[in-house]
Amino acid sequence: MTQLVRDLMTVDPVVLPPDAPVREAAKAMRDRDIGDVLVVEGDRLYGIVTDRDLVVRAMADRDDMSDCCVRDVCSDHVVTADMTETLDTAIARMRENAVRRIPVVDAGRPVGVLSLGDAAVERDPNSVLGQVSAAPGNN
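A brief report on the enclosed structure follows. Note that this is a predicted model, so its numbers are computed, not measured. (Residues numbered from 1 in each chain as written. Predicted model: local features only at pLDDT ≥ 70, side-chain atom pairs only at ≥ 80, totals over all residues. Heavy atoms only, no water.)

1. A few points about the overall build of the protein chain
When helices and strands are tallied, the protein chain shows seven helices and seven strands. Listed by position from the N terminus, the elements making up the protein chain come as α-β-β-α-β-β-α-α-β-α-β-β-α-α. Relative to its 139 residues, the protein chain shows a buried fraction of 40%. Long-range pairs, those at least 24 residues apart, make up 52% of the contacts in the protein chain between residues at least 6 apart in sequence. Total accessible area on the protein chain stands at roughly 8300 Å², and carbon and sulfur atoms take up 47% of it. (Helix = DSSP H or I, 4+ residues; strand = E, 2+ residues; numbered from the N terminus. Buried < 20%, exposed > 50% of the residue type's maximum accessible area, 1.4 Å probe, protein only. Contact = heavy atoms within 4.5 Å. Areas by Shrake-Rupley, 256 points an atom, 1.4 Å probe, with all protein chains shown as cover.)

Structure representation (structure tokens):
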């Protein structure tokens, strides 16, 4: 049976408006043990900010982050997947665009996130990525 994105995506993604402070994104990632936050303006997906974005685009470039918002550090060219497309199609898109996570949309509205780690746990649980992704976090 063909797996669909909706079968594997993480539901209820954390979303923040573009003007949210980066600290709020960092706290959400810590509290939910996740590596990304979707940036949403109204119902529209504006971008995605990852833990790496916080380090590379915020902390590495700024001495004072008190006025730094997620819009300043998020990726605004967002690769997405539709929740009804096949998992293979979404994984191919991730490979083509060299991304580890993609927001999942339904009629253009963000409804989840698909990560390469989740796909590895499902498809190749004995691989290094599958094993690392299935392991508990190192909080």
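Back to the write-up after that little detour.
2. What about helix H5 (residues 87-97)?
Listing the buried residues of H5 in full gives Leu87, Ala90, Ile91 and Met94. Taken around the axis of H5, the buried residues stretch over an arc of 100°, which confines them to a single face. Phi turns positive, to about 50°, at Ala98, one or two residues after H5. (Arc of directions from axis to C-beta.)

3. Points about the sheet that holds strand S3 (residues 36-41)
Strand order in this open sheet of three strands is S2-S3-S4, and the pairing throughout is mixed. Each edge of the open sheet carries a strand with a single partner, namely strand S2 (15-16) and strand S4 (44-50). With six bridges connecting them, S3 and S4 associate as antiparallel partners. Opposite Val39, over in S4, you have Gly47 as the bridge partner. Packed on one face of the sheet, helix H2 (residues 22-32) meets S2, S3 and S4 and runs near 135° to S3. (Pairing = 2+ DSSP bridges. Axes fitted to C-alpha atoms, helices over the stretch in contact; angles between N-to-C directions.)

4. Focus: the state of the cysteines
Disulfides are covalent bonds that link the sulfur atoms of two cysteine residues. Applying the stated criterion across every chain, the model contains zero disulfides. Cys69 forms no disulfide, and the closest cysteine sulfur to it belongs to Cys68, at a distance of 6.8 Å. Given a relative accessible area of 17%, Cys69 falls into the buried group. (Disulfide = S-S within 2.5 Å.)

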